[in-house]
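The lines below spell out each chain.
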Amino acid sequence: MKIDKSLNLVCPIETESGIIYVHSTPLRREVFEKYCLVIAKTFAVIYNEGMNLIAGPRVAAMMLKQLAIEASVWEGAEGVENGLMAEIYRLSNVLVITDQGWRSIPLVEAIKQGYLSENDVSEIEGSIVFFICVSAMHKRSQQATVLNSACSLWETEVTFLSCTEYRDSLPISTETETFVETVTQSSLPG
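Remember, predicted model here, so these are calculated numbers, not experimental data.

1. Overview of the packing of aromatic side chains
Point 1. Tallied over the entire structure, the rule returns 3 aromatic pairs.
Point 2. Through a chain of ring-to-ring contacts, three or more aromatic side chains come together here, namely Y21, W102 and Y166.

Set out below in structure tokens:
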């Protein structure tokens, strides 16, 4: 089977105010080419150290940073931090529920607005970097199988849906609507 569309990653995150979803798309080919060595090394270390699907998503971002620092390519305008990680953030959006339904905001803004804790961000970065490594390094025919296996362990999912399409597929309900329904039902004469 030939897969022509790109697989996207969705990470549901349980927060104090309910579940939010992080939707991330894979890197463009030119970005992968620019950072291919550090991505390939991260992928190789994860698998060679036996971390693969179980621990890989938890340590992928930390491993990428460690390897980039060791290779002196983490910092600087073209470094991994300001190049690759900035691109990963640019390609990631957070879906949050509001009174008007689901809203998509850039990952950076979601962090600034306090939707995500430091632990949430670490988990998201690890999952996305692992997703990037698998998407970039496995043959296209293997990607769905490997990613689906990882997703079942990490409670994430891969989808062909864009962020907007995914948002539109989520159930439409808000706390306000639930409250109104409860009040209406409880005010019926018994």
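Still more to cover.
2. A look at the pattern of salt bridges
Point 1. Per the counting criterion, the structure on display carries 7 salt bridges.
Point 2. With its nearest N and O atoms 2.7 Å apart, the salt bridge here joins E30 to R28.
Point 3. Classification of E30 as partly exposed rests on a relative accessible area of 46%.
Point 4. Of the charged contacts in the structure, one is a salt bridge between K112 and E109, with a shortest N-O distance of 3.7 Å. One end of the pair is K112 and the other is E109, both in helix α5 (residues 107-112) and 3 residues apart, which spans about a single turn.
Point 5. Each of R28, E30, E87 and R90 takes part in salt bridges that share partners, so that together they form one network.

3. Examining the confidence of the model for the protein
Point 1. The predicted model of the protein has a mean per-residue pLDDT of 84, with 88% of residues at 70 or higher.
Point 2. Every residue in residues 174-190 is under pLDDT 50, and counting partners more than four places away or in other chains gives 7 contacts.

4. Points about the environment of I19
Point 1. Relative to the helices and strands, I19 is located in strand β2 (residues 18-24).
Point 2. Residue classification places I19 among the partly exposed residues on the basis of a relative accessible area of 38%.
Point 3. Spatially, the C-alpha atoms of I19 and L95 are 9.1 Å apart, while their sequence positions differ by 76 residues.

5. Re the sheet that holds strand β5 (residues 157-159)
Point 1. If you walk across this open sheet you meet the 5 strands as β4-β3-β2-β1-β5, and the pairing is antiparallel. Edge positions in the open sheet fall to β4 (101-106) and β5, since each of these has one partner strand only. For this sheet, the mean inter-axis angle between neighbouring strands, taken without regard to orientation, is 30 degrees.
Point 2. Sheet topology places strand β1 (residues 8-15) next to β5; 3 bridges connect them, and they run antiparallel. Of the residues in β5, the one forming a bridge with L9 is V158.
Point 3. Its contacts with the sheet place helix α6 (residues 118-137) against β1, β2, β3 (92-98) and β5, and it is angled at close to 165 degrees to β1.

6. Quick notes on the nonpolar core
Point 1. Membership of the largest hydrophobic core comes to 48 residues, with the highest contact counts inside it found for V80, L84, V94 and L116.
Point 2. Ranked by residues supplied to this core, first place goes to α6 with 9 residues.
Point 3. Apart from residues no more than four positions distant in its own chain, L84 is found in contact with L27, V31, Y35, V38, I39, L64 and G79.
Point 4. If you look at the next biggest cluster of nonpolar residues, it comprises 7 residues, including Y21, L95, W102 and L170.

7. A closer look at the pairing of β3
Point 1. β3 sits mainly inside the fold: 5 of its 7 residues count as buried.
Point 2. Bridge count between β2 and β3: 4 bridges; the pairing is antiparallel. The residue of β3 that forms the bridge with Y21 is L95.
Point 3. Counting the residues that bridge the hairpin from β3 to β4 gives 2 residues.

Conventions and cut-offs
Residues numbered from 1 in each chain as written. Predicted model: local features only at pLDDT ≥ 70, side-chain atom pairs only at ≥ 80, totals over all residues. Heavy atoms only, no water. Phe/Tyr/Trp six-rings, centres within 6.5 Å; stacked < 30°, edge-to-face > 60°. Salt bridge = Lys/Arg side-chain N within 4 Å of Asp/Glu carboxyl O. Buried < 20%, exposed > 50% of the residue type's maximum accessible area, 1.4 Å probe, protein only. Helix = DSSP H or I, 4+ residues; strand = E, 2+ residues; numbered from the N terminus. pLDDT = per-residue confidence, 0-100. Contact = heavy atoms within 4.5 Å. Pairing = 2+ DSSP bridges. Axes fitted to C-alpha atoms, helices over the stretch in contact; angles between N-to-C directions. Core = buried A, V, L, I, M, F, W, Y, C linked by side-chain atoms within 4.5 Å.

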